[in-house]
Amino acid sequence: MRKITTIKKKKIAVPKDSICGWVYNDTVKEHFMYPKNFLTNDEEYDADGVGMVGSPACGDMMMVWIKVDKKSQKIKECKWRTFGCASAIASTSMMSVMATEKGGMELNKAIYLKPEQIVDRLGGLPDRKFHCSVLGQEALKEAVEDYLKHAKNSKQK
Amino acid sequence: MQKTVNKSKFVVSKIKKEADNVITLFLSPKEKNIAYTAGQYVLVSLNKDEDIHGKFYTISSEPSEDLLALSIKKVGSFSSALHNLKINDVIYISGPYGSFYPTPEMNDLVFFAAGIGITPFFSVIKDIIKRKVESRVRLFYTNKTLRDISFFKEINKLASKNPLLEVFYHLTRDTSSHELIKSYKRININQVQEELKDLRNKNYYICGTIGFVADTRKQLLKKKVKEENIFTESFF
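Calculation criteria
- Residues numbered from 1 in each chain as written.
- Chains lettered and ligands numbered in written order.
- Predicted model: local features only at pLDDT ≥ 70, side-chain atom pairs only at ≥ 80, totals over all residues.
- Heavy atoms only, no water.
- Helix = DSSP H or I, 4+ residues; strand = E, 2+ residues; numbered from the N terminus.
- Buried < 20%, exposed > 50% of the residue type's maximum accessible area, 1.4 Å probe, protein only.
- Contact = heavy atoms within 4.5 Å.
- Areas by Shrake-Rupley, 256 points an atom, 1.4 Å probe, with all protein chains shown as cover.
- Pairing = 2+ DSSP bridges.
- Axes fitted to C-alpha atoms, helices over the stretch in contact; angles between N-to-C directions.
- Salt bridge = Lys/Arg side-chain N within 4 Å of Asp/Glu carboxyl O.
- Polar contact = N/O pair within 3.5 Å; in protein donor to acceptor, adjacent residues only side chain to side chain.
- Nonpolar A, V, L, I, M, F, W, Y, C, P; charged D, E, K, R; others polar.
- pLDDT = per-residue confidence, 0-100.
- Arc of directions from axis to C-beta.

**Remarks on the overall build of chain A**
- Assigned secondary structure in chain A consists of five helices and three strands.
- Secondary structure elements of chain A occur, N-terminal to C-terminal, as α-β-β-β-α-α-α-α.
- In chain A, buried positions account for 45% of the 157 residues.
- Long-range pairs, those at least 24 residues apart, make up 61% of the contacts in chain A between residues at least 6 apart in sequence.
- Approximately 9,100 Å² of chain A is accessible, and the part contributed by carbon and sulfur atoms is 53%.

**Considering the overall build of chain B**
- A count of helical and extended segments in chain B gives five helices and 12 strands.
- Based on the C-alpha atoms only, the size of chain B along its principal axes is roughly 50 × 40 × 35 Å.
- Taking all 236 residues of chain B together, 50% fall into the buried category.
- The long-range share in chain B, meaning contacts at least 24 apart out of those at least 6 apart in sequence, stands at 69%.

**A word on the sheet that holds strand β8 (residues 136-143) of chain B**
All names here are of chain B.
- Sheet architecture is open: six strands sit in the order β10-β9-β8-β7-β11-β12, paired in parallel fashion. Each having just a single partner strand, β10 (181-183) and β12 (230-235) make up the two edges of the open sheet. Pairs of neighbouring strands in the sheet enclose a mean axial angle of 20°, with direction left out of account.
- On top of the sheet, helix α4 (residues 189-196) reaches β7 (108-114), β8, β9 (165-171), β10 and β11 (203-209); it is set at about 150° to β8, its chief contact.
- Packing against the sheet, helix α5 (residues 210-222) makes contact with β7, β8, β11 and β12, and its axis sits at approximately 150° to β11.

**Some points on the interface of chain B and chain A**
- Each partner contributes to the interface: chain B provides 22 residues, whereas chain A provides 24 residues.
- Linking chain B with chain A are three salt bridges.
- For the salt bridge of Glu 227 of chain B with Lys 114 of chain A, the shortest nitrogen-to-oxygen distance reads 3.1 Å.
- Seen at the junction of chain B and chain A, the total is eight residue pairs in polar contact (both at pLDDT 80 or more).
- Sorting the residues of the side of chain B that touches chain A by element identifies β3 (41-45), α5 and β12 of chain B as the ones contributing at least two each.
- Of the residues that constitute the side of chain B that touches chain A, the class distribution is 10 nonpolar, seven polar and five charged.

**Some thoughts on the side chain of Thr 142 of chain B**
- Within the secondary structure, Thr 142 of chain B is located in strand β8.
- Once residues within four sequence positions are removed from consideration, Thr 142 of chain B is found in contact with Ala 113, Ala 114, Gly 115, His 170, Thr 172, Ile 187 and Phe 212 of chain B.

**Here we look at the sheet that holds strand β5 (residues 68-73) of chain B**
Residue and element names in this part refer to chain B.
- Strand order in the open sheet made by the six strands is β4-β3-β6-β1-β2-β5, with antiparallel pairing throughout. Across the chains shown, the open sheet's two edge strands, defined by having one partner strand only, are β4 (55-58) and β5. Adjacent strand axes in the sheet meet at a mean angle of 45° when their direction is disregarded.
- With four bridges connecting them, β3 and strand β6 (residues 90-97) associate as antiparallel partners. Looking at the pairing, Tyr 41 lines up with Tyr 97 of β6.

**What to know about the confidence of the model for chain B**
- Looking at chain B as a whole, the pLDDT averages 92, with 96% of positions reaching at least 70.
- The ipTM value of the predicted complex is 0.81, and its pTM value is 0.87.

**Here we look at the environment of Leu 171 of chain B**
Residue and element names in this part refer to chain B.
- By the element assignment, Leu 171 lies in strand β9.
- By relative accessible area, which is 0% here, Leu 171 ends up buried.
- The sequence separation of Leu 171 and Arg 186 amounts to 15 residues, and the corresponding C-alpha distance is 7.0 Å.

**A look at α4 of chain B**
Residues and elements named next belong to chain B.
- Residues of α4 that are buried include every one of Ile 189, Val 192 and Leu 196, and no others. Down the axis, α4 shows its buried residues gathered within 55° of arc, on one side only.
- Next to the buried residues of α4 lie β7, β8, β11 and α5.
- Measuring from the side-chain oxygen of the N-cap residue of α4 to the backbone nitrogen of Asn 190 gives 2.7 Å; that N-cap residue is Asn 188.

**Here we look at the pattern of salt bridges**
All names here are of chain B.
- Evaluation of the coordinates by the stated rule reveals 19 salt bridges over all chains.
- Here Glu 166 makes a salt bridge to Arg 136, at a shortest N to O gap of 3.1 Å. In this pair, Glu 166 is assigned in strand β9 and Arg 136 in strand β8, connecting sequence segments 30 residues apart.
- With relative accessibility at 28%, the residue Glu 166 sits in the partly exposed group.

Below you can see the structure in the form of C-alpha cells.
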C-alpha cells in the first residue's frame, strides 16, 4: 500500500506588486495549495457513488466519490481527484467542503448545486476559468445519480 | 481515468440563418439517433477519432422533431468551422448532457435568456407546448439589437397561440422601435417583479454569458428568491 504523506503548510513568498503575481484570491490559492478531501488511492475507498467527467475544452478529467448517510440521505464524505488546473483543483476542493459541511448536503441539493455557488464561496474566479468549477459539480451530480441508481436497484432485489 | 466518448455520425441536411452570426444546423442521424430531453446539450466534433477536441452546443429542437437541431453563434474558430459546413457534410455528436430543464411538478416558470442563451428555452418551450403541459412560462429575452434575436418569428407565433406563454423582449443597443420590444434596457429585476407581481413560488432558469447569469442570479437572491428555485447554465 502506498503511504499517503501530508504536505506541511508553508508560506510561499510572492513579491508585492509583482507583475507575475496571482490572478487568484487567497481562498482560491489556499484550496489549490492545500486541497481538501483529495483522494489518492481509490482502490481501498468504498464509495456509495462515483462520478467521472471530462472537459474536452481543456482535457481535464475529474472523479468524485461520495459516501451517503442512508438514513438522512445526506452526503457524509466527498472525495475527488483531477488532472485539472489550479482552478479545477480549488473549486472542487471548495465543492467537497460545501457538500460535507453542516452535517452534509442533501442529495437533491447536491444534484442542483450550481457552479455559481462554488465560485461565490471561492470569492470569485476569472471568467475564463469558470468552466473549471463546472467540472467538479458535474462529477458530483454523476456520483449522486450513480448512488441513487444503485440504491433503487438494490431495493428492487 | 479514461472515459470513452461514444460518437454518433450525423449528416447536415438543412442550414438556416436565424440571426446575425447565428445559424441552425439540422442534422439527420447516419447510424443511430440520440434520445434527449429538451434543454440538454451535446458534444460536437468534426473528427471521429480525435477524442477530446470538440465543443458543447445546446439542442434547439425538441425530442419529437425528426431532425436534431443545433443553433450556433459564430464566436471562435470551432464555431466558424461549423458555420462553413455544407449540406451532406458529416459531424459527430455525443451525449446528451446536462439537466437544465424543468421537472414535471413545476408549473410557473420564468426564463431569462441572453443572446444565444435562448437555445435551451426554445427547445423546452416547444416541448412544453407539444406535450400540452399546463405550465405558465414567462420568457425574458435580451439581445443587443433586433437583428440578434434568434427564433423571433417562431417564438412570436408560439406566444400568439398559447396564452400560457408570455415573452418580454429587451434590447440593449438598439432603439429602433418595434411593437413587440418591451424594453430598451437590460433586464432589471424590479421590472421583472412588476410583471410577475409576486416572485415567490416560481422556478427561475437563467442562460447566457457568465456575467449575465451571475448578475441575474444575484439580483434574484437579493429579492429573497430561494437558491433552490434558481437554475443556471452559462456558456464559456
